[in-house]
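Each chain is listed here by its residues.
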Amino acid sequence: MTDLLTYGFMQRALAASVMIGTLCAVVGVFVVLRGLAFVGAGTAHSAFAGVTLGYLVGINPMAMALVFGLGTIWIVQALNERSRTAFDVSVGIFYAASMALAIVFIGLMRTYNSEVYGYLFGSILSVTPSELWTIGLLSAVALTCLALFFKEFHFIAFDQEMAAASGIPATRLFFLLLNLVGLTIVIALKAVGALLVFALLIIPAAAAYQLASRLWTMILWAVGVGLTSTIGGLLLSYAFDLPSGATITLLATALFFLAVLASPKR
Amino acid sequence: MNSPAVTAEGTAPIITFQDASFAYNGTPALEALTFSIMPGEFLGIIGPNGSGKTTLLKALLGLIAPTAGRATIFDCTCHTLRCHHRAKIGYLPQRSQLDPRFPITVFETVLMGRYGALGLFHRPTAADRELAEAALHDVGLPELKDRPLGQLSGGQQQRVLIARALAQQPQVLLLDEPTTGVDAPTQTALLSLIRRLHQQRRLTVLFVTHDINVVSPVVDRLALLNRRLVAIGTPAEVLTKATLAAVYGEAVIVTSQGGGSYVIVADHHHD
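Residues numbered from 1 in each chain as written. Chains lettered and ligands numbered in written order. Predicted model: local features only at pLDDT ≥ 70, side-chain atom pairs only at ≥ 80, totals over all residues. Heavy atoms only, no water.

## Some points on the overall build of chain B
Piece 1. Looking only at helices and strands, chain B has ten helices and twelve strands in total.
Piece 2. Its C-alpha atoms give chain B a radius of gyration of 19 Å, near enough to 18 Å, the size a compact globule of 271 residues would have.
Piece 3. Dimensions along the principal axes, computed over C-alpha positions, put chain B at roughly 55 × 40 × 40 Å.
Piece 4. Expressed as a percentage of the 271 residues in chain B, the buried residues total 53%.
Piece 5. At a minimum sequence separation of 6, the contacts of chain B that also span at least 24 residues come to 65%.
Piece 6. Carbon and sulfur atoms make up 50% of the accessible area of chain B, which amounts to about 11800 Å² in all.
Piece 7. Across chain B, the mean location of the 23 positive side-chain charges is 4 Å away from that of the 22 negative side-chain charges. (Helix = DSSP H or I, 4+ residues; strand = E, 2+ residues; numbered from the N terminus. Rg over C-alpha atoms; globule rule 2.2 N^0.38 Å. Buried < 20%, exposed > 50% of the residue type's maximum accessible area, 1.4 Å probe, protein only. Contact = heavy atoms within 4.5 Å. Areas by Shrake-Rupley, 256 points an atom, 1.4 Å probe, with all protein chains shown as cover. Lys, Arg positive; Asp, Glu negative; His and termini not counted. Charge placed at Lys NZ, Arg CZ, Asp CG, Glu CD.)

As structure tokens, this is what we get:
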């Protein structure tokens, strides 16, 4: 298995696994604690619609994914402020509408494009060096933001209204948190796919939630589960010739149920 | 009632409402409030469910803007209050179902009271930790410092949240139903704690409750709300059959007990 590491594609896949596994786990902790799972799912689908449009008109698909993913979050937030539409409802609308858009865009493509499906189901083994750099750079941006506002995000996740009342710019920071969730999804989109990125965001943090009673230990557990899933899933998928994204997701799910069984909180 | 009564000390009011109206989710919740509160005053805010008690606190916290009129605290308009002013208001929200598995310790919860004053990008210092420790001492729970918050009883969690508000070193303490949903001995303990804090620190306290008899013995004044200010004054002035009947109906009973009034109303809904 060691000669595996001499392949350039495998090295890149492992590097991507480490970065994405870590980022998704840390951001996922706040997603789980603040109850933003559905926002994550909706953003993943609109980011995929961005990818399809990117391929259709010949613009960098990851850039379009970022525009669509963050655009969804901005519109959902505006709807929530202006018309008091509940997050779940407006995210649900975007979830469906962006899938419809993606199908229309794919339909408009004259030829079959396998790369588009790579974004749907994930293709971590085909991550290019330039994509790896993008993943690294954006992950650093997202993790830096989280580190800078760590204490505020903890407070907002605990009780946003109390945070606002005690002098924290809670509304603006919550919006920043939503944008970080969107950014994380776009970063992970190519490697694990729009359908499964959500798994990497939610499952490690949900497993950690079962095990930890402090935020720091929850983050460490989440990163542990996240990295075990991405690296382990990647190696398993290679060894048994299975699709990588699905193997990563199934391994994470198995770890989640182990955590539930081992939970001291039950 | 337009110009606030000046007390013996001759100080200016810390909180004023001038013809202020508020709506909650589009429906009017409070109409044309005009009254003021002096520094160091202990005000009980009573009224039936849906009378706008919580709305009044949220208005002071600047979480909702008035639809008409003006609300001020520390001489600043509430809903445009800067964050460093907000940090001087300690707030105990109505007891909500805390997620018992949320990863946070008692001490971390109290320390959060310092975050507003600290501002963004600053980590808690040794002085902040000392203030949090002192606040935990004040509420009598120093030994539970490192326990997960979710493991504590409801009354203990209330005390931790009061400690969190105290760690802010507030000038004003807003308490929303602090004694609701806890057993009678805990209720008494919480009440004497709040009273002691008020006396020792000259805190301005606004204590919202639907349970008139809990607060009437300890407050300086009572404000009776029912979508507007029905009455404000000393407990003896407000707790009369005529005043209360206007809000709670003719079935209200007011009796005298040891110099104070005891009130029985037909409003038995607990949130």
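Read on, since the account is not over.
## Some words on unusual backbone geometry
Residue and element names in this part refer to chain B.
Piece 1. Non-glycine residue aspartate 19 carries a positive phi angle of around 50°.
Piece 2. Among the secondary structure elements, aspartate 19 is positioned in strand β1 (residues 15-24).
Piece 3. In this structure, glutamine 169 takes a positive phi of about 55° despite not being glycine.
Piece 4. Structurally, glutamine 169 is set in the loop between α6 (154-167) and β7 (172-176).

## Some thoughts on the confidence of the model for chain B
Residue and element names in this part refer to chain B.
Piece 1. Summary statistics for chain B give a mean pLDDT of 88 and a share of 93% for residues scoring 70 or more.
Piece 2. Low pLDDT, under 50, characterises residues 1-8; the predicted model gives this stretch nine contacts beyond four residues in sequence or across chains.
Piece 3. Scored as a whole, the predicted complex attains pTM 0.89, and scored at its interfaces, ipTM 0.86. (pLDDT = per-residue confidence, 0-100.)

## Some remarks on the interface of chain B and chain A
Piece 1. Taken together, the contacts link 34 residues of chain B with 27 residues of chain A.
Piece 2. Taken together, the two surfaces of chain B and chain A that pack against each other cover about 2800 Å², and 66% of this comes from carbon and sulfur.
Piece 3. By the criterion of area lost to chain A, the three top residues of chain B are B:Arg101, B:Phe102 and B:Pro103, representing 25% of everything that side buries.
Piece 4. The partner of B:Lys58 in a salt bridge is A:Glu161, with the nearest N and O atoms 3.1 Å apart.
Piece 5. Taken together, the links from chain B to chain A amount to seven residue pairs in polar contact (both at pLDDT 80 or more). (Buried area = accessible area lost by both parts, 1.4 Å probe. Salt bridge = Lys/Arg side-chain N within 4 Å of Asp/Glu carboxyl O. Polar contact = N/O pair within 3.5 Å; in protein donor to acceptor, adjacent residues only side chain to side chain.)

## Brief notes about the nonpolar core
Piece 1. Formed by 144 residues in total, the largest nonpolar core has its most connected members in A:Ile20, B:Ile162 and B:Phe207.
Piece 2. In terms of residues, this core owes the most to one element, helix α9 (residues 170-192) of chain A, which gives 16 residues.
Piece 3. Not counting chain neighbours up to four residues away, the residues in contact with A:Ile20 comprise A:Ile135, A:Ile187, A:Ala188, A:Ala191 and A:Leu200.
Piece 4. B:Ile15, B:Phe17, B:Leu57 and B:Cys78 belong to the second largest nonpolar core, which has 33 residues in total. (Core = buried A, V, L, I, M, F, W, Y, C linked by side-chain atoms within 4.5 Å.)

## Quick notes on α9(A)
Residue and element names in this part refer to chain A.
Piece 1. Given a rise of 1.5 Å per residue, 23 residues ought to cover 33 Å, and the 32 Å separating the end C-alpha atoms of α9 matches this to within 8%.
Piece 2. The sharpest bend along α9 reaches about 25° and sits at valine 186.
Piece 3. Just past α9, the residue glycine 193 takes up positive phi, approximately 90°. (Expected span 1.5 Å × (residues − 1). Bend = angle between axes of the 7 residues up to and from the residue.)

## Some remarks on the side chain of A:Ser98
Residues and elements named next belong to chain A.
Piece 1. Among the structural elements, serine 98 can be located in helix α4 (residues 87-108).
Piece 2. In terms of polar contacts, serine 98 uses its side chain to reach the backbone amide nitrogen of serine 46, at 3.3 Å.
Piece 3. At 3.2 Å, the side chain of serine 98 and the backbone oxygen of tyrosine 95 are in polar contact.
Piece 4. Dropping the residues within four chain positions of it, serine 98 is found in contact with His45, Ser46 and Ala49.

## Digging into the layout of surface pockets
Piece 1. Approximately 1000 Å³ is the volume attributed to the largest pocket.
Piece 2. Lining of the largest pocket is provided by 28 residues; of these, A:Arg84, A:Gln160, A:Ala164, A:Thr171 and B:Leu63 occupy positions nearest its centre.
Piece 3. Looking at the lining of the largest pocket, the elements with two or more residues in it are α3 (61-83), α8 (160-165) and α9 of chain A together with β1 and α2 (83-86) of chain B.
Piece 4. The greatest single-element share of the lining of the largest pocket, amounting to four residues, is contributed by α9(A).
Piece 5. Looking at the lining of the largest pocket, its residues break down into 13 nonpolar, eight polar and seven charged.
Piece 6. Estimates place the volume of the second largest pocket at around 700 Å³.
Piece 7. Forming the walls of the second largest pocket are 25 residues, and the residues nearest its centre are A:Phe150, A:Lys151, A:Trp216, B:Tyr115 and B:Arg123.
Piece 8. Residue assignment for the lining of the second largest pocket shows that the elements contributing at least two residues are α1 (8-34), α6 (129-148), α7 (150-158) and α11 (215-240) of chain A together with α3 (106-111) of chain B. (1 Å grid on protein atoms, 1.4 Å probe; cavity = no way out; pocket = protein on both sides within 12 Å on 5 of 7 lines; lining within 4 Å. Points joined across faces, edges and corners; volume = space filled by probe spheres on them. Nonpolar A, V, L, I, M, F, W, Y, C, P; charged D, E, K, R; others polar.)

## Details of the environment of B:Asn213
Residues and elements named next belong to chain B.
Piece 1. Residue placement: asparagine 213 occurs in helix α8 (residues 212-215).
Piece 2. Each C-alpha atom, one on asparagine 213 and one on isoleucine 264, is 8.5 Å from the other, the two residues being 51 residues apart in sequence.
Piece 3. If near-sequence neighbours (up to four positions away) are discounted, asparagine 213 is found in contact with Ser261, Tyr262 and Val263.
Piece 4. Here valine 263 takes part through its backbone oxygen, which lies 2.7 Å from a polar atom of the side chain of asparagine 213.

## What about the pairing of strand β4 (residues 68-73) of chain B?
Residue and element names in this part refer to chain B.
Piece 1. Across five bridges, the pairing between β1 and β4 is antiparallel. Within the sheet, the bridge partner assigned to threonine 16 lies in β4 and is threonine 72.
Piece 2. Relative to strand β5 (residues 76-77), β4 is paired through two bridges, and the arrangement is antiparallel. In the sheet register, isoleucine 73 faces β5, and the bridge partner there is cysteine 76. (Pairing = 2+ DSSP bridges.)

## Quick look at a nonpolar patch on the surface
Piece 1. Together, A:Tyr7, A:Leu125 and A:Tyr238 make up a nonpolar patch on the protein surface, roughly 240 Å² of accessible area in all.
Piece 2. By secondary structure assignment, the location of A:Tyr238 is in helix α11. (Patch = residues over 30% accessible without salt bridge, like charges linked within 9 Å, V, L, I, M, F, W, Y side chains within 5 Å.)

## Observations regarding α1(A)
Residue and element names in this part refer to chain A.
Piece 1. A rise of 1.5 Å per residue sets the reference length of α1, with its 27 residues, at 39 Å; its end C-alpha atoms lie 39 Å apart and thus fit the reference within 8%.
Piece 2. Of all the bends found along α1, the most pronounced is centred on glycine 28 and spans about 25°.
Piece 3. Looking one or two residues past α1, glycine 35 carries a phi angle of roughly 70°, positive in sign.

## What about the environment of B:Leu161?
Piece 1. Along the polypeptide, B:Leu161 turns up in helix α6.
Piece 2. Counting along the chain gives 25 residues from B:Leu161 to B:Leu136, while the straight-line C-alpha distance between them is 9.7 Å.
Piece 3. Residues within four places of B:Leu161 in sequence aside, it is in contact with A:Met162, B:Leu92 and B:Thr109.

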